[in-house]
Amino acid sequence: MQLGARLRAVADFVPKGSRVADVGTDHGYLALALIQEEIAAYVIASDKNEGPLAAASRSIREAGLTERIALRLSDGLAKIAQGEVDTACLAGMGGTLMVEILSAAPAVLEGLQTLVLQPQGGAPELRHWLYQNDWHIADETLVLEDGRIYEIIQAKRGKKRAPKKILLEIGPVLWKKKPPLLRHHIEGLLFAQRRAISGMEKSEAARQSKKYAKTQAHIEELEEYLTW
């Protein structure tokens, strides 16, 4: 199974020999690659929608991997038992939804050692939640696919001191590693803030507000991280 850059990065963060829950498996491409490349020992591929799960089932049968990839019609981790897996992959959904999924299954979460997360948005909130719930970010990367930059986070169990707020937004390990796409990533964060302040500048009242001052300060802080 040839994966695109986004799912390739997710697969590369999965520990070798792990038992994996591929949450929101869609057509099962990640699950197939994890087994075919001998990265995972076993995968539970779950999705809350029957259509994608049926497509995944066909692909898994054709690959002859029905004994190593189990399919579950499940909303998040709801149909996964405690101790069945040690790694969970959540990709292609918002960071807020990821927090909801993980928070809704404390027993399953307790048995996990690794989380591989690719949020479509809400990455700062997701990182904050990890550090507040005895997880820490072990690695991060950025990939470009179809003109969009994606963040991929590998979190490990274990409480560590949370990075400062701006680094929860940028990515603490991304800032440490300085990957080639980091400047583009920060520019993307700045674009959203500049667009917000541009809207506020149309109103005198908005320009005098605390929100305007806070946004301006945020822009200035992000700009400081464009130079290294």
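In what follows, the structure referred to is the one given above.
Residues numbered from 1 in each chain as written. Predicted model: local features only at pLDDT ≥ 70, side-chain atom pairs only at ≥ 80, totals over all residues. Heavy atoms only, no water.

Undergrad: Summarise helix α4 (residues 95-103); cite the residues concerned and give the values.
TA: For α4, the complete set of buried residues consists of G95, M98, V99, I101 and L102. Within α4, the buried residues cover an arc of 165° as seen down the axis, which keeps them to one side. Contact partners of the buried residues in α4: β4 (87-93), α5 (106-110), β5 (114-119) and α6 (123-132). (Buried < 20%, exposed > 50% of the residue type's maximum accessible area, 1.4 Å probe, protein only. Helix = DSSP H or I, 4+ residues; strand = E, 2+ residues; numbered from the N terminus. Arc of directions from axis to C-beta. Contact = heavy atoms within 4.5 Å.)

Undergrad: Lay out the packing of helix α1 (residues 5-12) against helix α2 (residues 29-36) in plain terms, naming residues and giving numbers.
TA: Running from N to C, α1 and α2 point in directions that differ by 45°, and their axes come no closer than 10 Å. Between α1 and α2, the angle falls in the class oblique. For the element pair α1 and α2, the recorded crossing hand is right-handed. When α1 is examined against α2, the residues L7, V10 and A11 are found in contact with a partner set consisting of Y29, L30 and L34. Residues of the contact of α1 with α2, tallied by class, amount to six nonpolar, no polar and no charged. (Axes fitted to C-alpha atoms, helices over the stretch in contact; angles between N-to-C directions. Parallel < 35°, antiparallel > 145°, perpendicular 65-115°, else oblique. Left-handed = near helix turned anticlockwise from the far one by under 90°. Nonpolar A, V, L, I, M, F, W, Y, C, P; charged D, E, K, R; others polar.)

Undergrad: Break down α6 for me, with residues and values.
TA: When we look at burial in α6, the residues that qualify are A123, L126, R127, W129, L130 and Y131. In the stretch just after α6, D134 is the one whose phi turns positive, near 65°.

Undergrad: If you had to explain the sheet that holds strand β7 (residues 148-157) to someone new, which residues and values would you point to?
TA: Strand order in the open sheet made by the seven strands is β3-β2-β1-β4-β5-β7-β6, with mixed pairing throughout. With partners counted over all chains shown, the strands left at the sheet margins are β3 (69-73) and β6 (135-145), one partner each. Pairwise comparison of adjacent strand axes, ignoring direction, gives a mean angle of 15° for this sheet. Pairing geometry for strand β1 (residues 18-23) and strand β2 (residues 40-47), over six bridges, is parallel. Bridge pairing in β2 links R19 to Y42. Packing of helix α3 (residues 50-62) onto the sheet brings it into contact with β2 and β3, and relative to β3 it is tilted by some 165°. (Pairing = 2+ DSSP bridges.)

Undergrad: Summarise the pairing of β7; cite the residues concerned and give the values.
TA: Bridge analysis of β5 against β7 gives four bridges, and the strand direction is antiparallel. By the bridge assignment, L115 is partnered in β7 with A155. Of the pairings in the sheet, the one linking β6 to β7 comprises ten bridges and is antiparallel in character. If you follow E140 over to β7, its bridge partner there is I153. Turn length for the β6-β7 hairpin, with the two strands adjacent in sequence and antiparallel, is two residues, and the turn residue D146 shows positive phi of about 50°.

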